[in-house]
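Now for the letters of each chain:
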Amino acid sequence: MNNFENHRTLILNATYQPLSIASAKRSISLLLSNKINVIKNSNFEIRSESSTITIPKVAALNYYVKAPYARRVALNRENIFIRDKYICQYCGNQAESIDHIIPKSKGGQHEWQNVVACCKKCNLIKADKYLNQTILKLAQAPLKPEGNFWIKTIIGSNPDPEWKEFLISA
Ligand SMILES: [Zn+2]
């Protein structure tokens, strides 16, 4: 797994909030142009004739990038699953589909507050009904993701364990 293509660097803002994920190629370019400070190195090195570059696991920009927090999270199936941790919000089983709490056929909107991840079984029970016409209950009110949620949609569900301490607010 330790090859060049698989290597990713967590890039933090100058204030240490997570900003993006860079490929090895991109982090070398950031290093060579002195745009980042290494916080944690990996044990992965690229050798050239004149020098050796260690690819960082985590690095921070030397300069502040404004307002990545306003980055909009696309309302799609994958991001709803990430918000709901791949768990059916009605019964706690593994989620396989998306349910509109107020059905679209009854005027329900396709928006964060009206969609939840759910399993096939609950989806069948729910069908085109209002929630109070079924036996189902919501585990929690579905909210529009805020703050650093977007970083999860970039990192995916399986981040590098060494990034963890820098993703606390994410
Ligand atoms: Zn379910």
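(A) Seen up close, the domain arrangement of the chain. Per the domain assignment, the segments of the chain are domain 1 (4-69 + 147-166) and domain 2 (77-133). For domain 1 and domain 2, the distance between their C-alpha centroids amounts to 35 Å. Across the interface of domain 1 and domain 2, roughly 340 Å² is buried in total on both sides, 79% from carbon and sulfur atoms. Between domain 1 and domain 2 we count 0 salt bridges in total. Inspection of the domain 1/domain 2 interface yields 0 residue pairs in polar contact (both at pLDDT 80 or more). Partitioned by chemical class, the residues of the side of domain 1 that touches domain 2 number 1 nonpolar, 2 polar and 1 charged.

(B) Representation of the pairing of strand 6 (residues 115-118) within the structure. The side-chain alternation of strand 6 yields two buried faces, one formed by Val115 and Ala117 and the other by Val116 and Cys118. Pairing between strand 5 (residues 97-100) and strand 6: 4 bridges, direction antiparallel. Paired with serine 97 across the strands is cysteine 118, a residue of strand 6.

(C) Fine view of the coordination of the zinc ion. For the zinc ion, the full set of protein donor atoms is Cys88 (SG), Cys91 (SG), Cys119 (SG) and Cys122 (SG), and the range of their distances to it is 2.3 Å. Geometry at the zinc ion is tetrahedral, judged from its 4 donor atoms and the angles of 104 to 117° they form at the metal. All donors of the zinc ion come from a single chain, and their spacing in sequence reads C-x2-C-x27-C-x2-C. Of this pair, cysteine 88 sits in the loop between helix 2 (77-83) and strand 5 while cysteine 122 is found in helix 3 (residues 120-126), placing the two residues 34 residues apart along the sequence. Judged by relative accessible area, cysteine 122 falls into the buried class, the value being 4%.

(D) The arrangement of the packing of aromatic side chains in detail. Enumeration over the complete set of coordinates arrives at 2 aromatic pairs. Positioned above the aromatic ring of tyrosine 130 is the side chain of lysine 106, whose terminal nitrogen or guanidinium carbon lies 5.6 Å from the ring centre.

(E) Region of the structure containing the environment of asparagine 123. Among the structural elements, asparagine 123 can be located in helix 3. In this structure the C-alpha to C-alpha distance between asparagine 123 and alanine 95, which are 28 residues apart in sequence, comes to 9.8 Å. With residues near it in sequence (within four places) discarded, asparagine 123 still touches Ser97, Ile98, Asp99 and Cys118.

(F) Spatial organisation of the nonpolar core. By size, the foremost hydrophobic cluster in this structure holds 16 residues, and its most contacted members are Leu10, Leu12, Val58 and Trp163. Contributing elements (two or more residues each) for this core: strand 1 (8-12), strand 4 (52-61), helix 2 and helix 4 (149-155). Here this core gets 4 residues from one element, more than from any other, and that element is helix 4. Aside from chain neighbours lying at most four places away, what touches leucine 12 is Gln17, Pro18, Leu19, Ile39, Val58, Ala59, Ala60, Leu61 and Phe166. Core analysis: the second largest hydrophobic core is formed by 13 residues, Ile11, Phe44, Ile55 and Ala59 among them.

(G) Expanded view of the pattern of salt bridges. What the rule picks out here adds up to 6 salt bridges. A salt bridge links glutamate 165 to lysine 40; the nearest nitrogen and oxygen atoms lie 2.9 Å apart. With a gap of 125 residues between them, glutamate 165 in the segment after helix 4 and lysine 40 in strand 3 (residues 36-47) connect regions that are remote in the sequence. One connected set of salt bridges, linked through shared partners, spans Lys40, Glu162 and Glu165.

Reading the values: the criteria
Residues numbered from 1 in each chain as written. Predicted model: local features only at pLDDT ≥ 70, side-chain atom pairs only at ≥ 80, totals over all residues. Heavy atoms only, no water. Domains from an automatic or database assignment. Buried area = accessible area lost by both parts, 1.4 Å probe. Salt bridge = Lys/Arg side-chain N within 4 Å of Asp/Glu carboxyl O. Polar contact = N/O pair within 3.5 Å; in protein donor to acceptor, adjacent residues only side chain to side chain. Nonpolar A, V, L, I, M, F, W, Y, C, P; charged D, E, K, R; others polar. Buried < 20%, exposed > 50% of the residue type's maximum accessible area, 1.4 Å probe, protein only. Helix = DSSP H or I, 4+ residues; strand = E, 2+ residues; numbered from the N terminus. Pairing = 2+ DSSP bridges. Donors = N, O, S within 2.8 Å, 3.2 Å for Na, K, Ca; no water. Tetrahedral: all angles 85-135°; square planar, octahedral: opposite > 155°, others 65-115°. Phe/Tyr/Trp six-rings, centres within 6.5 Å; stacked < 30°, edge-to-face > 60°. Lys NZ or Arg CZ within 6 Å of the ring centre and 35° of its normal. Contact = heavy atoms within 4.5 Å. Core = buried A, V, L, I, M, F, W, Y, C linked by side-chain atoms within 4.5 Å.

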